[in-house]
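Each chain is listed here by its residues.
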Amino acid sequence: DGMNVLFIVVDDLRPVLGCYRDKLVKSPNIDQLASQSMVFNNAYAQQAVCAPSRVSFLTGRRPDTTRLYDFYSYWRVHAGNYSTMPQYFKENGYMTLSVGKVFHPGVSSNYSDDYPYSWSIPPFHPSAEKHENDKTCRGKDGKLYANLVCPVDVTEMPGGTLPDIQSTEEAIHLLNVMKTNRQKFFLAVGYHKPHIPLRYPQEFLKLYPLENITLAPDPWVPEKLPSVAYNPWMDIRQRDDVEALNVSFPYGPLPDDFQRQIRQSYYAAVSYLDVQVGLLLNALDNVGLSNNTIVVFTADHGWSLGEHGEWAKYSNFDVATRVPLMFYVPGITTSPVSHGAKVFPYLDPFSHIGGSAPQGQSERVVELVSLFPTLAELAGLQVPPVCPETSFGVVLCTEGRSLVPYFNVSEEKVEEGKEGCDDPERGFNEEPAAFSQYPRPADTPQWNSDKPKLKDIRVMGYSLRTIDYRYTLWVQFDPSNFSANFEDVHAGELYMMKTDPNQDYNIYNNTSHGRFFKKILS
């Protein structure tokens, strides 16, 4: 019959999870999913901002093909009538359902989350979502503010709930309906946290005493960082608590104690998210569908937590582009699951002790644009063809490649993080790589550097990540015809991962980079 798909996508979640070797975070339910999954340790988004990343992985096309670098165009009108991953499943007999933030709402998904193309029924949005940016955070003076750091008493919130709690309840309701209907489904669940504001039930702060929270390992702006590469984190500056700090533009820095509070609240929001994922997966067990449902867990991009003196996303660094990515496939990543077996018992982060290692893991560098072909193959559907070089007129094709061949990696290959000698892709040109990009309005930080509108883009940063390095070129870009001019390079970055894993020491100006340049052009 083909397997069901439960597709979980999280907003702004970098891989601060136990299963990604983070020592501080408590994420027992996501770690438990990883213990039954194939986990990719080097997965990257194609642009570190919500709408462009989501449209990219949901269509399987890169931002230069969707022509969406901001929030203000709908690809079917402005680029091409590309089929989406849920649309493809729908056309292949699946009931396709969307809960929470899957497509970015607004113009970029035609004010409808691309319904009715992508979804069988209108997408569900939690009613509490409209209060996300209201003044619901109680300050020390007892007054309410629209803060960045916002632990709350849920009973005091409008409706006595929060958006992600409502999304979990709706997704569980739909699982019960699907069980009764016995119809195969593609259920996408989009969680908001840890997207700002960091608004979550206050009890999660108990998991992270402030004295245990450190600053980022590199909380300074790197000496050789080109100014075009820096993102001035305007969105957090506009929150009441950050605004009160009167931090200078563009480089800050934020006071150390406030940096710790942001990091503490980000971790607390991740544990709150983990509870939602735990309840959802436990419900999958309870309706008896864990044995025939593929579960995918990922995020639209990461989020800087003070590294390079930066906050938020909006850059090409690993902290902004790297995401968690795991696939649970009954019978492939685990031995066949007997009907009704408990695969995902709910784990309470307040009492659960001990972690669980991923079932299988790959150090191979992969991209979110590969989600579409991978899921099609896992579900037994025909894999969409690889796109020709120019594909604006092609309705169904993908610019990613299925990751299924990397599900059966042997241990020694994983250890080295390199492919074995028998791998035909061993040559430099075929070295696994992830491409990301980020637009800027100018060569120096501006008020709109984080989120320039298409008409204001003047420079595009194209970034190439392999297991060994990250190479970024900031080149002249013309928004009127979507063209990048690689003969007009405004700045460059090169970081060698072995000696500089945090990407702090840019050696672009003292290295010959002909081979990198060739690869980024390919």
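In this text the structure is predicted, and so the values were computed from the model without any measurement. (Residues numbered from 1 in each chain as written. Predicted model: local features only at pLDDT ≥ 70, side-chain atom pairs only at ≥ 80, totals over all residues. Heavy atoms only, no water.)

### Overview of the environment of Gln46
Thought 1: Mapped onto the elements, Gln46 comes out in the loop between strand 2 (38-44) and helix 2 (50-59).
Thought 2: Of the residues examined, Gln46 reaches a relative accessible area of 2% and is grouped as buried.
Thought 3: Separated by 416 residues in the primary sequence, Gln46 and Tyr462 have C-alpha atoms spaced 9.9 Å apart.
Thought 4: Filtering out sequence-adjacent residues up to four positions away, Gln46 remains in contact with Ser56, Arg62, Pro63, Glu367, Leu368, Val369, Phe435, Ser436 and Gln437.
Thought 5: Within the structure, Gln46 has its side chain in polar contact with the backbone nitrogen of Leu368 (distance 3.2 Å). (Helix = DSSP H or I, 4+ residues; strand = E, 2+ residues; numbered from the N terminus. Buried < 20%, exposed > 50% of the residue type's maximum accessible area, 1.4 Å probe, protein only. Contact = heavy atoms within 4.5 Å. Polar contact = N/O pair within 3.5 Å; in protein donor to acceptor, adjacent residues only side chain to side chain.)

### Structural notes on the pairing of strand 2
As a general feature of sheets, a regular strand has side chains that alternate between the two faces.
Thought 1: Within strand 2, seven of the seven residues are buried, which leaves it mostly tucked inside the rest of the structure.
Thought 2: Where strand 2 and strand 13 (residues 325-328) come together, two bridges link them in antiparallel fashion. Paired with Met38 across the bridge in strand 13 is Phe327.
Thought 3: Taken together, the six bridges between strand 2 and strand 14 (residues 360-367) define a ladder with parallel strand orientation. Across the sheet, Asn42 pairs through a bridge with Val365, a residue of strand 14.
Thought 4: In terms of strand pairing, strand 2 meets strand 12 (residues 322-323) through two bridges, oriented antiparallel. Looking at strand 12, one finds that Ala43 is bridged to Val323. (Pairing = 2+ DSSP bridges.)

### Remarks on the confidence of the model for the protein
Thought 1: Taken as a whole, the protein shows an average pLDDT of 93; of its residues, 95% reach a score of 70 or greater.
Thought 2: Note on residues 410-429: pLDDT under 50 across the span, and 21 contacts to partners over four residues away in sequence or across chains. (pLDDT = per-residue confidence, 0-100.)

### Quick look at the nonpolar core
Thought 1: Within the largest apolar cluster, 132 residues are counted, with the highest numbers of intra-cluster contacts made by Phe7, Phe40, Phe186, Leu187, Ile262, Phe297 and Phe327.
Thought 2: With 15 residues, the single largest contributor to this core is helix 9 (residues 256-286).
Thought 3: If sequence neighbours within four positions are ignored, Phe297 has contacts with Ile8, Val10, Leu13, Leu17, Ile30, Leu33, Val277, Pro324, Leu325 and Met326. (Core = buried A, V, L, I, M, F, W, Y, C linked by side-chain atoms within 4.5 Å.)

### Observations regarding the pairing of strand 9 (residues 293-299)
Thought 1: Of all seven residues in strand 9, seven are buried; the element is thus mostly enclosed.
Thought 2: Sheet topology places strand 1 (residues 4-10) next to strand 9; seven bridges connect them, and they run parallel. When the sheet's bridge partners are listed, Val10 is paired in strand 9 with Ala299.
Thought 3: Here strand 9 runs beside strand 13; their pairing, made up of four bridges, is antiparallel. Paired with Thr298 across the bridge in strand 13 is Leu325.

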